[in-house]
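# Remarks on the overall topology
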Amino acid sequence: MADNRVASAYGPWNVIQRLVRFLGALPRPPRSLSRLTGAQLKRYRMHVQAGMNDLTLVTHFKLVHALLRTVPADRLRPEVLDAIWQTARVDQRKIKSKPGYDDATFHKIVTAARSSVVDIYQRIREGERLLARFEDDPTQLAGAELDRGAELSEIARTGRIPQVPEAGGNCRSANLPDPAARLRTAPQLFLTHDDVVPLIVYGVAVTGRNAETIKELPIEHRLLDGQAVALEIVKRRRGADRWFEEVTWDVGRQSERLKTAGGYYLFCQRLARRGRQFSRSALIWSVWTNGRMNGKDVTGGHKDPFDNRLNFTSTLTGWVKTQPELRDLPDFALDLNRLKTTLDRINTRAAGGHLPSSTRSNTQDVLFRNYLADNPDVQDWAEDVITEALEDAEDAARTAYRRVRKATGELKVLAGPVAEARDAATADIGLDADTAREVLDGERDTAFAACTKTSDDCRDSFLTCFACRNAVATASHLPAQLALLDELAALWEDTDRETWWRRLGQVWLAINEDILPRFTPQERAAAEAAKPADRVLSLLDGPGEEETTWV
């Protein structure tokens, strides 16, 4: 029983350790639970979810929320209270979703698909060349080559693959057709079901579109000066209505036709051209199938491979088994959605977070929310980019703060009891007795400090007091300064980071690094309890205040 109690305590303790370590590593860690923000909880979720599935993540945050619920409600911010009392549910659809492949696996998939596509092209090109030679001058051919040429000519005219009697069988099977012989003959001029898999896989990799879009590429298109191809594609098949999109795909040079979306489209359209003459497919795809059912006898076995359904998972598995570099991968399963997600990740990272219009099939918000948000590689990369940007903005603010202090002087701090502060005011910062008394008695107070100037002609923002040689901060100003810090933290969540650092970052630095360290924990705790309830930044609202900047 004791062992069970100890084991059950490890879970919450590990969660506490992990949360505290994360919060402590933030550039602006909350000094108490009352300073914990909803945004910081969201950042913690993003930090831990990379190594968890959805079910583990929900369990982890149930513990986090349970621990925070033990804290008195008046010590937590409203958005934190809302977060910890929300009912966590596991989205079963997201549990089934998987991130993209790693770069090495993606490269192997694309290489295998391209190799298969090239083999298909060379096979049909060889059959077409033999057919062209026969139809141009059959007397140039002899023997088996002549027989093959004649056979291909008849197939090209009728679309029908001749029945070949089974050879070497017994008396019962002597007159039965040999299906394998037909399967060897048809691929010389036509695509087959086995060819479609590598063509679709490679199409996803080249165009950046999902597999459903590639499967439904239309035959109707327009060539634009031989440099591009324009067509209408199905962007989304699910739902009551299909969503269509007009696209223009670059064709590229002849030597790069398999590297561009337009080149890929024209390539596949040409490969299936003969088959479409008999299947009458409205899509670029047409395959020959061995059999007579479902109307195939009327078309000679030619059909649109996706006329009834788009799914071909079993065929994907069969193709993988024929590829040595893929079948030997541990726990590998070919998933076209994962392939598309991998390509989105590669394109997004290459473009610095912005997808080029030539490869984008969704808006950036949709792309990240529905496809990339749960990808660990994207999360790691995004955290690095965000951290670097924030560090650059903070460095710029610190540099500007030092420059301003050097040019205009710095705020002076009088810490400790009033008697000690009065001595320091006269001895350390050179105030005369009357000015020191007025400063300590609050007669010279501004919004966040006291001003030692005798004239009343200053029109600068109160924020600039934190970098002014005429300003003096005492213990009586701490409550307003701490309230100001709270408002700055709230603005951090709703303001562009560079704007925040440029306009408010130096105030943050002055309070946190120049003022608060001069006071004891007891003095800071007393000031925390005496913070004003009203917004202190409202004192600064007025003409031109939003334009105030120190940089």
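Moving on: the overall build of the protein. Helix and strand counts for the protein come out as 23 helices and eight strands. Counting only contacts in the protein whose residues sit at least 6 apart along the sequence, the fraction spanning at least 24 positions is 62%. With an accessible surface of roughly 30,500 Å², the protein has 51% of that area assigned to carbon and sulfur atoms.

Turning our eyes to something else, we now look at the pattern of salt bridges. Two side chains carrying opposite charge are able to pair once their charged atoms lie near each other. Scanning the model with the defined rule gives ten salt bridges in all. For Lys531, the salt bridge identified is with Glu528, shortest N-O distance 2.8 Å. Lys531 sits in the partly exposed class, given a relative accessible area of 23%. Look at Glu528 and you get partly exposed, because its relative accessible area is 28%. Members of the salt-bridge network, linked through shared partners, are Arg35, Asp486, Glu528 and Lys531.

A word on unusual backbone geometry. Here the phi dihedral of Asp225 falls at roughly 55°; this positive angle occurs in a residue that is not glycine. With respect to the secondary-structure elements, Asp225 resides in the loop between β1 (222-224) and β2 (228-236). We classify Asp225 as exposed; its relative accessible area is 75%. A positive phi angle, close to 55°, is found at Arg280, a residue other than glycine. Along the polypeptide, Arg280 turns up in the loop between α12 (273-279) and β4 (287-288).

Mean pLDDT over the protein: 76, with 70% of residues reaching 70 or higher. Across residues 90-96 the pLDDT falls below 50, and counting only partners more than four positions away or on other chains, this stretch makes eight contacts in the model. Every residue in residues 541-551 is under pLDDT 50, and counting partners more than four places away or in other chains gives 22 contacts.

Turning our attention to the environment of Glu438. On the secondary structure map, Glu438 appears in helix α19 (residues 433-440). Counting along the chain gives 14 residues from Glu438 to Thr452, while the straight-line C-alpha distance between them is 8.9 Å. Sequence-distant contacts of Glu438, defined by excluding residues within four places in its chain, comprise Glu443 and Arg444. Within the structure, the side chain of Glu438 is placed 2.7 Å from the side chain of Arg444, a separation counted as a polar contact.

Our focus in this paragraph is helix α7 (residues 143-158). Given a rise of 1.5 Å per residue, 16 residues ought to cover 22 Å, and the 23 Å separating the end C-alpha atoms of α7 matches this to within 8%. Among all positions of α7, only Gly149, Leu152, Ser153, Ile155 and Ala156 are buried. Each buried residue of α7 lies within a common arc of 165° when the element is viewed along its axis, so the set occupies one face. Exposed side of α7, more than 90 degrees from the buried face: Ala144, Asp147 and Arg157 are the residues found there. Just past α7, the residue Gly159 takes up positive phi, approximately 80°.

What follows is about the sheet that holds strand β6 (residues 412-414). Read from one edge of the open sheet, three strands run β6-β8-β7, paired in mixed fashion. Edge strands, defined here as strands with exactly one partner in the open sheet, are β6 and β7 (450-451). Note that β6 and strand β8 (residues 471-474) share three bridges and pair parallel. Across the sheet, Leu414 pairs through a bridge with Thr474, a residue of β8.

What follows covers the nonpolar core. With 51 residues, the main nonpolar core has Leu199, Val201, Leu217, Trp249, Trp285 and Leu334 as its most contacted residues. Of all the secondary-structure elements, those providing two or more residues to this core are α6 (103-136), α9 (193-207), α10 (211-215), β2, β3 (243-250), α11 (261-271), α13 (313-321) and α15 (336-350). Here this core takes nine residues from α9, the largest share from any one element. Those residues in contact with Leu334 that lie beyond four places of it in its chain are Tyr101, Ile109, Val201, Leu316, Trp319 and Val320. Among the nonpolar cores identified, the runner-up in size contains 30 residues, and Leu463, Ala480, Leu509 and Ala510 belong to it.

For the rest of this paragraph, the subject is the packing of aromatic side chains. Under the defined criterion, the tally for this structure stands at five aromatic pairs. Their ring planes at 55° and their centres at 5.7 Å tell us that Tyr44 and Phe61 sit as a pair that is tilted. On the criterion of sequence distance, the pair formed by Tyr44 in helix α2 (residues 38-49) and Phe61 in helix α3 (residues 54-69) is long-range, its members being 17 residues apart. Consider the rings of Tyr121 and Phe267, whose centres lie 5.7 Å apart with planes at 45°: the pair is tilted. In this pair, Tyr121 is assigned in helix α6 and Phe267 in helix α11, connecting sequence segments 146 residues apart. Here Tyr121 falls in the partly exposed class, since its relative accessible area comes to 34%.

One way to put it is that α6 packs onto α9 with a least axis distance of 8 Å and a crossing angle of 125°. Between α6 and α9, the angle falls in the class oblique. Where α6 crosses over α9, the two elements pack in a sense that is left-handed. Along the contact surface, α6 presents Ile109, Val110, Ala113, Arg114, Ser116, Val117, Ile120 and Arg123, while α9 presents Asp195, Pro198, Leu199, Val201, Tyr202 and Ala205. By residue class, the composition of the contact of α6 with α9 is ten nonpolar, one polar and three charged.

Let us look at the environment of Leu516. Structurally, the position occupied by Leu516 is in the loop between α22 (505-515) and α23 (521-529). By relative accessible area, Leu516 is classed as buried at 6%. Placed 101 residues apart in sequence, Leu516 and Ala415 show a C-alpha to C-alpha distance of 9.6 Å. The contact partners of Leu516, leaving out residues within four places of it in the chain, are Arg31, Leu478, Leu482, Leu485, Ile511 and Arg524.

Below, the discussion takes up the side chain of Gln481. Inspection of the secondary structure puts Gln481 in helix α20 (residues 478-494). For Gln481, a relative accessible area of 0% puts it in the buried group.

So, about the environment of Val117. The topology assignment puts Val117 in helix α6. The class for Val117 is buried, based on a relative accessible area of 0%. When residues no more than four places from it in sequence are discounted, the contact partners of Val117 are Pro198, Leu199, Tyr202, Leu258 and Phe267.

Here is what the cut-offs are and how they apply
- Residues numbered from 1 in each chain as written.
- Predicted model: local features only at pLDDT ≥ 70, side-chain atom pairs only at ≥ 80, totals over all residues.
- Heavy atoms only, no water.
- Helix = DSSP H or I, 4+ residues; strand = E, 2+ residues; numbered from the N terminus.
- Contact = heavy atoms within 4.5 Å.
- Areas by Shrake-Rupley, 256 points an atom, 1.4 Å probe, with all protein chains shown as cover.
- Salt bridge = Lys/Arg side-chain N within 4 Å of Asp/Glu carboxyl O.
- Buried < 20%, exposed > 50% of the residue type's maximum accessible area, 1.4 Å probe, protein only.
- pLDDT = per-residue confidence, 0-100.
- Polar contact = N/O pair within 3.5 Å; in protein donor to acceptor, adjacent residues only side chain to side chain.
- Expected span 1.5 Å × (residues − 1).
- Arc of directions from axis to C-beta.
- Pairing = 2+ DSSP bridges.
- Core = buried A, V, L, I, M, F, W, Y, C linked by side-chain atoms within 4.5 Å.
- Phe/Tyr/Trp six-rings, centres within 6.5 Å; stacked < 30°, edge-to-face > 60°.
- Axes fitted to C-alpha atoms, helices over the stretch in contact; angles between N-to-C directions.
- Parallel < 35°, antiparallel > 145°, perpendicular 65-115°, else oblique.
- Left-handed = near helix turned anticlockwise from the far one by under 90°.
- Nonpolar A, V, L, I, M, F, W, Y, C, P; charged D, E, K, R; others polar.

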